[in-house]
Amino acid sequence: MGTAAAGGGCGGCRWLPWLGLCFWAVGAAAARGADNGEVLPDSIPSAPGTLPHFIEEPEDAYIIKSNPIALRCKARPAMQIFFKCNGEWVHQNEHISEESLDESSGLKVREVFINVTRQQVEDFHGPEDYWCQCVAWSHLGTSKSRKASVRIAYLRKNFEQDPQGREVPIEGMIVLHCRPPEGVPAAEVEWLKNEEPIDSEQDENIDTRADHNLIIRQARLSDSGNYTCMAANIVAKRRSLSATVVVYVDGSWGVWSEWSVCSPECEHLRIRECTAPAPRNGGKFCEGLSQESENCTDGLCILGIENASDIALYSGLGAAVVAVAVLVIGVTLYRRSHSDYGVDVIDSSALTGGFQTFNFKTVRQGNSLLLNPAMQPDLTVSRTYSGPICLQDPLDKELMTESSLFNPLSDIKVKVQSSFMVSLGVPERAEYHGKNHSGTFPHGNNRGFSTMHPRNKPPYIQNLSSLPTRTELRTTGVFGHLGGRLVMPNTGVSLLIPHGAIPEENSWEIYMSINQGEPSLQSDGSEVLLSPEVTCGPPDMLVTTPFALTIPHCADVSSEHWNIHLKKRTQQGKWEEVMSVEDESTSCYCLLDPFACHVLLDSFGTYALTGEPITDCAVKQLKVAVFGCMSCNSLDYNLRVYCVDNTPCAFQEVVSDERHQGGQLLEEPKLLHFKGNTFSLQISVLDIPPFLWRIKPFTACQEVPFSRVWSSNRQPLHCAFSLERYTPTTTQLSCKICIRQLKGHEQILQVQTSILESERETITFFAQEDSTFPAQTGPKAFKIPYSIRQRICATFDTPNAKGKDWQMLAQKNSINRNLSYFATQSSPSAVILNLWEARHQQDGDLDSLACALEEIGRTHTKLSNITESQLDEADFNYSRQNGL
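Residues numbered from 1 in each chain as written. Predicted model: local features only at pLDDT ≥ 70, side-chain atom pairs only at ≥ 80, totals over all residues. Heavy atoms only, no water.

K.L.:
Can you explain the pattern of salt bridges? Please cite residues and give values.
P.N.:
Enumeration according to the criterion identifies 24 salt bridges in this entry. One salt bridge connects Glu99 with Lys108, and the closest N-O pair in it is separated by 3.7 Å. By relative accessible area, which is 47% here, Glu99 ends up partly exposed. One salt-bridge network, in which partners are shared between bridges, spans Glu56, Arg72, Lys74 and Glu111. (Salt bridge = Lys/Arg side-chain N within 4 Å of Asp/Glu carboxyl O. Buried < 20%, exposed > 50% of the residue type's maximum accessible area, 1.4 Å probe, protein only.)

K.L.:
Explain the side chain of Glu584 residue by residue, including any values.
P.N.:
With respect to the helices and strands, the residue Glu584 is situated in the loop between strand S40 (575-580) and strand S41 (589-592). Here Glu584 occupies a buried position and makes no salt bridge, while the nearest side chain of opposite charge, Arg817, is found at 5.4 Å. Separated by 2.7 Å, the side chains of Glu584 and His177 make a polar contact. At a separation of 3.4 Å, a polar atom in the side chain of Glu584 contacts the main-chain amide nitrogen of Asn818. (Helix = DSSP H or I, 4+ residues; strand = E, 2+ residues; numbered from the N terminus. Lys, Arg positive; Asp, Glu negative; His and termini not counted. Polar contact = N/O pair within 3.5 Å; in protein donor to acceptor, adjacent residues only side chain to side chain.)

K.L.:
So what about the environment of Gln841? Which residues, and what values?
P.N.:
The topology assignment puts Gln841 in the loop between helix H11 (828-839) and helix H12 (846-856). You can call Gln841 buried: its relative accessible area is 19%. Considering only alpha carbons, one finds Gln841 and Arg485, 356 residues apart in sequence, at a separation of 9.3 Å. Once residues lying within four places of it in the same chain are set aside, the contact partners of Gln841 are Arg485, Val487, Ser494, Thr550 and Lys783. (Contact = heavy atoms within 4.5 Å.)

K.L.:
Could you give an account of the sheet that holds strand S15 (residues 174-176), with specific residues and numbers?
P.N.:
One open sheet accounts for 3 strands, arranged S15-S20-S19; its pairing is antiparallel. Two strands close off the open sheet at either side, each with one partner strand: S15 and strand S19 (206-207). (Pairing = 2+ DSSP bridges.)

K.L.:
Tell me about the nonpolar core, and name the residues and values.
P.N.:
Ranked by internal contacts, the top residues of the largest apolar core, which has 69 residues, are Leu495, Leu549, Leu639, Ile737 and Ile739. Apart from the residues within four sequence positions on either side, Ile739 is in contact with Val624, Val641, Cys643, Leu672, Leu681, Gln682, Ile683, His745, Glu746, Gln747 and Leu749. (Core = buried A, V, L, I, M, F, W, Y, C linked by side-chain atoms within 4.5 Å.)

K.L.:
Residue-level account of the sheet that holds strand S53 (residues 746-754), with values.
P.N.:
Within the open sheet, the 4 strands sit side by side as S50-S48-S52-S53. Their pairing is antiparallel. The two strands at the open ends of the sheet, each matched to only one other strand, are strand S50 (701-704) and S53. Geometrically, the sheet is characterised by an average inter-axis angle of 15° between neighbouring strands, direction not taken into account. Bridge count between strand S48 (residues 681-686) and strand S52 (residues 732-741): 6 bridges; the pairing is antiparallel. Each bridged residue has a counterpart across the sheet, and for Leu686 the counterpart in S52 is Lys736. (Axes fitted to C-alpha atoms, helices over the stretch in contact; angles between N-to-C directions.)

K.L.:
Kindly report on the state of the cysteines, identifying the contributing residues and their values.
P.N.:
One way to say it: the disulfide is the covalent bond shared by the sulfur atoms of two cysteines. Taken as a whole, this structure holds 4 disulfides when the rule is applied. Disulfide pairing is shown between Cys73 and Cys134; the S-S distance is 1.6 Å. Taking the sign of the torsion about the S-S bond as the criterion, the disulfide between Cys73 and Cys134, at about 100°, is right-handed. In this pair, Cys73 sits in strand S5 (residues 69-76) while Cys134 sits in strand S10 (residues 130-137), placing the two residues 61 residues apart along the sequence. (Disulfide = S-S within 2.5 Å.)

K.L.:
Describe in detail the pairing of strand S9 (residues 108-116), supporting the description with residues and values.
P.N.:
The two faces of the sheet receive side chains in turn, since in a regular strand these alternate between them. Counting buried residues in S9 gives 7 out of 9 residues, a clear majority hidden from the surface. Pairing of S5 with S9 involves 7 bridges; the strand directions are antiparallel. Bridge assignment links Ala75 to a residue of S9, and that residue is Arg110. As paired strands, strand S8 (residues 96-101) and S9 are joined by 6 bridges and run antiparallel to one another. In the strand pairing of S9, Leu101 is matched with Lys108.

All we've got here are geometric facts, nothing functional implied.
Here it is, written out as structure tokens:
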């Protein structure tokens, strides 16, 4: 029960430890000794007997408002009992003592009371709570009681989080969050529905255990109502704001009616009504068409011509069309007979390769340096269009012969110059299994060209030799019960298979690939693709615990400006939404970091992230970089400025292209925030050294429409500039590349390089490899040794009344939402640690995890300082190799 100390006589007197003096009898002098504040020892000299045994010990207590609390002790046999608070003896005058005799044993029983006031507790400033304990004396020695803490009770008024109203479809999940006000002792939470208490034990569909949240697994119509979170402790009771929950039935249209009789206009109609069910109680009306019409003669219906005047009118129009066509053909043949190409070629380099541009010039005055490529020239009037034309997607252009390419446009004089903005395709690249695919870049004079006119797009030239035949990046590994990690180097894509996810004695060849062709996910409306399409498989593989898939994204994460969704491709090739990253779900979990999204899943397939901008302040992160190489003409030097989504795999695609073309990175890539404000992007070459270099007129600044940049996930978007030296002796080039969005941000790339490879300083494409080996299996694939992981799970999976359980482990690791997902797992702590492993595959910051555990109070030593005796041999060797 307590500790005891024994002693002998003191010169024939009785030692009174609570007074600090030796007396034959307790008298006035004894009281003076206590008043002088002498130290009271913990033991006394006494005759043989029985140590005191506590019948009642002081209990933890809370001071409510200004009312003092009473602490009591009862022990037998006890000559005296005194209280010691915060290490100091309480004065004897503050004790109230009662003495009685235990009839069954004949031993003396003593009971003592003291009062503790609010002022005493407030005046105490120590490393721990205010505490008191009893010390009881008998002839044999002393016994000490437990320490009882005394705290001032309170309950703040405002909830840390009030529940929010929601509208959910029937059978959907409802999660109402509630974080009660701070208080001592911690508040108990109770939920009310329409002012009536909710008993989750009586309804298996309702769970109120997950961190004070109310979870309704499958919403019923009867679950609609006003929900209130009630928090109470011994001091007060608080009510949250009420949250209105509406459970609705998602209605549809009735069956289409039969088609009506064919009308004189050769159309028939059918209708349907919103009656399945009809909207009630303020429900919304059905979306879609209520009436539909179509041609009822399969397009063969011809309206009658009523009179001869109509016939004459149509005949005249037909004759006019034929006459205009003959005139155009005649003019074309005449111009071809007077020119080899039908154009005025002012730069021979236009026919020998490189990047080309169109300049449309007429006699109007003005200096239009930039042309919005989305505009089509008006062929009916004389206008001026001057500047480079920039497109991104050349794959849907119509092929034309060289002669038809240079057919003149009406009233327009076409001049072909070098250096224009073009989006090239990407040559084939090597897989991670050693299958090399060749890719070439044209250098000869035999050129194939294509041009594009349909769908209201501007004229465009594309070198067909650079059109890609793309492949996918792919890697594989064989995994078993011990799990492991599959990494696609330099792409930011990885897959974590937890220990035990695959049953024992089983093994699977797991693959992962990135689609680098045309995305199969076609964006709807304002939705844009924010990540690569990542496939992991085999699709028929089953896991016993969720695996973690890490996908990079290019969104500047903010719930105020973006609505980001995780989508999965079905076996039929269609894309379906899995969840919004802000939604509550028990089927999967999404954790959005600034540059990547970590997804916990239980099924393999093809996944991607899409974003729907909520405001014009939504930002995509672009990586801008400049590459350079010598052209076929020894005096020319080509600059290519790339603006791609800020994902490692997108930039790796650029690097692969430039390696095939002989390009060199001239400056460290930089980050550009591109706003969704519909304003275009301008790229300019500035500060070119005069008398050493020159750039063709009207090509120093190029402009890219907003839509091409905002949806630039199909092919790497870049602008090309051609600079010419005045003399071959010039080998140094210095200039600035300015990339700016109108009414947005800008970045400056400083080019300072030698055009000679022997003198050029090499800039590495990537700072470091993600992994030397794409597939890692067993303990080496994980940052947390398995024995330590097991110890953490065993500790935090156990419920704790003080809240020190897996929910606090999640909170300390910045996992604050959708905790209901972890509540459904057999080991919530293990899933949380899997997510930690996915987030920290680069740094493996075990110190931060140890600090989080120390804050919770579950551990007092860092994982990096664990002794050898605490680990088995395998984990110890692994820890030493990784610097733990």
